[in-house]
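Reading the structure
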Amino acid sequence: MKTLFGKLADGTEIHRWSLDNGGTRMKVLSYGGIVQSLEVPDRHGRYANITLGFDRIEDYVDSSPYFGALIGRYGNRIGKGRFTLDGETHQLSVDDGENSLHGGLRGFDTAVWNVTPFTRGTDVGLHLSYTSADGEMGYPGTLTAKVTYTLTDQGDWRIDYEATTDRTTVVNLTSHVYWNLAGEGSGTIEDHELRLTASHFTPTDPGLIPTGELAPVDGTPFDFRESKPIGRDLRTGHPQLLAAKGYDHNWVLDKGITAAPKPIATLHDPSSGRTLEIATNEPGVQFYSGNFLDGTLVGPSGRTYRQGDALCLETQHYPDSPNHPSFPSTVLRPGETYRTTTIHTFHA
Ligand code: GLA
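From a predicted model like this one, the values you see are computed outputs, not experimental measurements.

Time to look at the pairing of strand β8 (residues 82–85). Here β8 shows a clear split, with F83 and L85 buried on one side and none of R82 and T84 buried on the other. Here β8 folds back onto strand β9 (residues 88–91) in antiparallel fashion, the turn holding 2 residues, of which D86 has a positive phi close to 50°.

Moving on, we get to the environment of R232. Checked against the element boundaries, R232 lands in the loop between β20 (228–229) and α2 (239–244). The spatial distance from the C-alpha of R232 to the C-alpha of P221 is 8.3 Å, given a sequence separation of 11 residues.

Take the site of the ligand next. Around the ligand sit Y66, N76, R77, L101, H102, H176, Y178, D248, Q286, Y288, F292 and E314, and that is every residue in its neighbourhood. Here an oxygen atom of the ligand and a side-chain polar atom of N76 are 2.7 Å apart. One of the side-chain nitrogen or oxygen atoms of H176 is found 2.7 Å away from an oxygen atom of the ligand. About the coverage of the ligand: the protein hides 95% of its 300 Å² of free accessible area.

Now for the sheet that holds strand β19 (residues 215–216). Across the sheet, which stays open at both edges, the 5 strands sit in the order β19-β18-β21-β24-β27 with antiparallel pairing between neighbours. Strands with a single pairing partner mark the edges of an open sheet, and in this sheet they are β19 and β27 (312–316). Bridging between strand β24 (residues 284–288) and β27 involves 5 bridges; their strand directions are antiparallel. Bridge assignment links V285 to a residue of β27, and that residue is T315.

Our focus in this paragraph is the environment of I343. Residue placement: I343 occurs in strand β29 (residues 338–347). Residue classification places I343 among the buried residues on the basis of a relative accessible area of 18%. Separated by 184 residues in sequence, I343 and I159 have C-alpha atoms that sit 6.2 Å apart. If we ignore the near neighbours within four places in the chain, the residues touching I343 are D156, W157, R158, P261, E277, I278 and A279.

Rules behind the numbers
- Residues numbered from 1 in each chain as written.
- Predicted model: local features only at pLDDT ≥ 70, side-chain atom pairs only at ≥ 80, totals over all residues.
- Heavy atoms only, no water.
- Buried < 20%, exposed > 50% of the residue type's maximum accessible area, 1.4 Å probe, protein only.
- Helix = DSSP H or I, 4+ residues; strand = E, 2+ residues; numbered from the N terminus.
- Pairing = 2+ DSSP bridges.
- Near = heavy atom within 4 Å.
- Polar contact = N/O pair within 3.5 Å; in protein donor to acceptor, adjacent residues only side chain to side chain.
- Areas by Shrake-Rupley, 256 points an atom, 1.4 Å probe, with all protein chains shown as cover.
- Contact = heavy atoms within 4.5 Å.

Printed below as a string of structure tokens:
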């Protein structure tokens, strides 16, 4: 079902699409491919929206920290917004200190996507497409991006990303949903239990750019190999946690790049009984503990979002890969097709 959600300042109409399958209900905007709401039942069958967002398009345009949005062309940071490819240096839009974050000032999270619904057997979904012009935000090549959101008859939300280019470029697409399994506006996620199948993470400099090191998580607050409450080690004063005001790092998934999506993360909320499992074929995941939520935004519930009121698990290649030849490559050449998949499974 499609309804008018609002209009941009220039009059462009933004639509909202509602999907419902296998016990999961989802609302998606043509603006940024934003998941505006995702509802699943708790252990008593009671539905709640478990993602942060807004009720009005103006709020998304004016003050959204990427709530629910598709991120491109490059998930997370590129140091100094600069990289060299085939001998040519490219200067990107810089929007985070001296660095480029989430595709630059006007990333894919602010693009108006072309959306078409589909039904395939027992699955329902949306095809989203956006063509980014050669040179947009400083990136080389016309990038044709296609993202498919599927709700399966099991209530799984699957994202398939695809992209092609007409000039050699870099690409790293992800989704920036803010999860709170107890429900949007219900307070902190510090009691949520998280498991990540990663023995290493990529430490960062003060600007949150990876130093290049793959550091063992063993014996550090970054060890989520056994499920633990997110808040348990958050106040240990570890220098990496101090620099980022919490967790805002890329975990190096033990499985590496896989042809098929493999489970990498389990998030459980003991209060509601809801569990989210994430599978991906990507080699990394950015776990962000909502550090910059500062009590200035109000969600559809009418409640304020404060630090740690949600978390993000952004499946991806590592940040700043274009400047780290030792990291898995994010280069895409003409004739190649970029393809990645992430699957979210819900139960209670
Ligand atoms: C990512 C970044 C964070 C922050 C959030 C949104 O997770 O790594 O530093 O920008 O997005 O605010």
